[in-house]
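Fold and geometry: a report
Each chain is listed here by its residues.
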Amino acid sequence: MSFKLLLTDVISPLGKALEHELEREPFKLLLPAAAELDWSDAQSLQTYLHKHQPDLIVNCRGWEEAFHSGGQAALIATARNLAQVCANQQIPLIHLSSYSVFGGDGKGTHSEKDPVAPLSDTGHAFAEAEQVIAESLPKHIILRLSWVIGAYGDNLLTRLLSSFLAGASVTVNRRLRGSPTALSDAARVAVAMSKQIFCGAENWGVMHYCSGDACTEDEFAEQLLQLLIQQQLLTAEPSLSLVDSEPTDEPLSAILGCRRARDYFGIQARSWRPSLLPLVKQWLHNREQIKAAQ
């Protein structure tokens, strides 16, 4: 019998990365079209799931939008409906979440047991989504991620690249610390968990994943800048301004302790550094394609 997995989003960069990883697996992948399913309607979701009966759902719908002002509604609504309907139909769920649920407690590394204390609308949305899932659905994994970087979408890497190559002044915070995690690496972990659930794993609850190579925001920017210079992609070195104050809407640390993912699923952290050049090349390729199409 084939294992049926439903992926809630294939439009966002994270959704595309998950789809790319899942296409390599022997799962029957369910990708509902907009005409088939209204995620904001619990009855529509219930009807779809009853008809297709997935064995597992991986949810990243609304993940990227939640980082933008006023974009948190889809994340919360989808989580609430999935929690209710999956509980009724006893369908396990892997839900992608974020380090932003943590607050200004000054901890260098956040463990899975640390209390959430969000500082921003983004953090509050991720925390609310986690809560409705945890309260309603016994078989769930809440997979929190650190800084997610990629060649697509709006993230720390693409913002820095756009500014550096435009010759614009770049401001980064030397107090912010994180573990840059490539989209493909985050997808690798979610798929690895899915495969083990398919094989009978019964490990549920909050899990963390981030790369094994922590840095400050200015260290990441400097590493990227040096790479661009080495690749002769810059004609003049842009101005890099450093901020040394604590932000009021962002945890100082996005570094996550990944003990449960390692102990329960055998997942090992990877460094972001080897993937930086390929990501830059992919971003440049994407930019050339966009220019050619205009």
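Source: prediction; values computed, not measured.

Turning our eyes to something else, we now look at the sheet that holds strand E2 (residues 28-30). Strand order in the open sheet made by the 6 strands is E2-E1-E3-E4-E5-E10, with parallel pairing throughout. Looking along the sheet, the strands with just one partner apiece sit at the ends: E2 and strand E10 (205-209). Geometrically, the sheet is characterised by an average inter-axis angle of 25° between neighbouring strands, direction not taken into account. Here strand E1 (residues 4-7) pairs with strand E3 (residues 56-59) via 3 bridges, running parallel.

On to the environment of Thr235. Structurally, Thr235 is set in the loop between helix H7 (217-230) and strand E12 (240-243). Accessibility expressed as a relative area gives 88% for Thr235, which makes it exposed. The spacing of Thr235 and Gly167 is 68 residues in sequence and 9.0 Å in space, taken between C-alpha atoms.

Here we come to the pairing of E3. Residues Leu56 and Val58 point to one face of E3 and Ile57 and Asn59 to the other, with burial holding for every one of them. The pairing of E3 with strand E4 (residues 93-98) spans 3 bridges and is parallel. Paired with Val58 across the two strands is Ile94, which belongs to E4. You can see the chain leave E3, run along helix H3 (residues 73-89) and come back into E4, and the turn it takes is right-handed.

This next bit is on the packing of helix H2 (residues 42-52) against H3. At a closest axis distance of 10 Å, the pairing of H2 and H3 adopts a crossing angle of 40°. The angle between the axes of H2 and H3 places the two elements in the oblique class. Here the hand of the crossing between H2 and H3 comes out right-handed. Contact residues: H2 offers Ala42, Leu45, Gln46, Leu49 and His50, while H3 offers Asn81, Leu82, Gln84, Val85, Asn88 and Gln89. Counted by class, the contact of H2 with H3 contains 5 nonpolar, 6 polar and no charged residues.

The rules behind these values
Residues numbered from 1 in each chain as written. Predicted model: local features only at pLDDT ≥ 70, side-chain atom pairs only at ≥ 80, totals over all residues. Heavy atoms only, no water. Pairing = 2+ DSSP bridges. Helix = DSSP H or I, 4+ residues; strand = E, 2+ residues; numbered from the N terminus. Axes fitted to C-alpha atoms, helices over the stretch in contact; angles between N-to-C directions. Buried < 20%, exposed > 50% of the residue type's maximum accessible area, 1.4 Å probe, protein only. Right-handed = clockwise from strand over helix to strand, strands pointing away. Parallel < 35°, antiparallel > 145°, perpendicular 65-115°, else oblique. Left-handed = near helix turned anticlockwise from the far one by under 90°. Contact = heavy atoms within 4.5 Å. Nonpolar A, V, L, I, M, F, W, Y, C, P; charged D, E, K, R; others polar.

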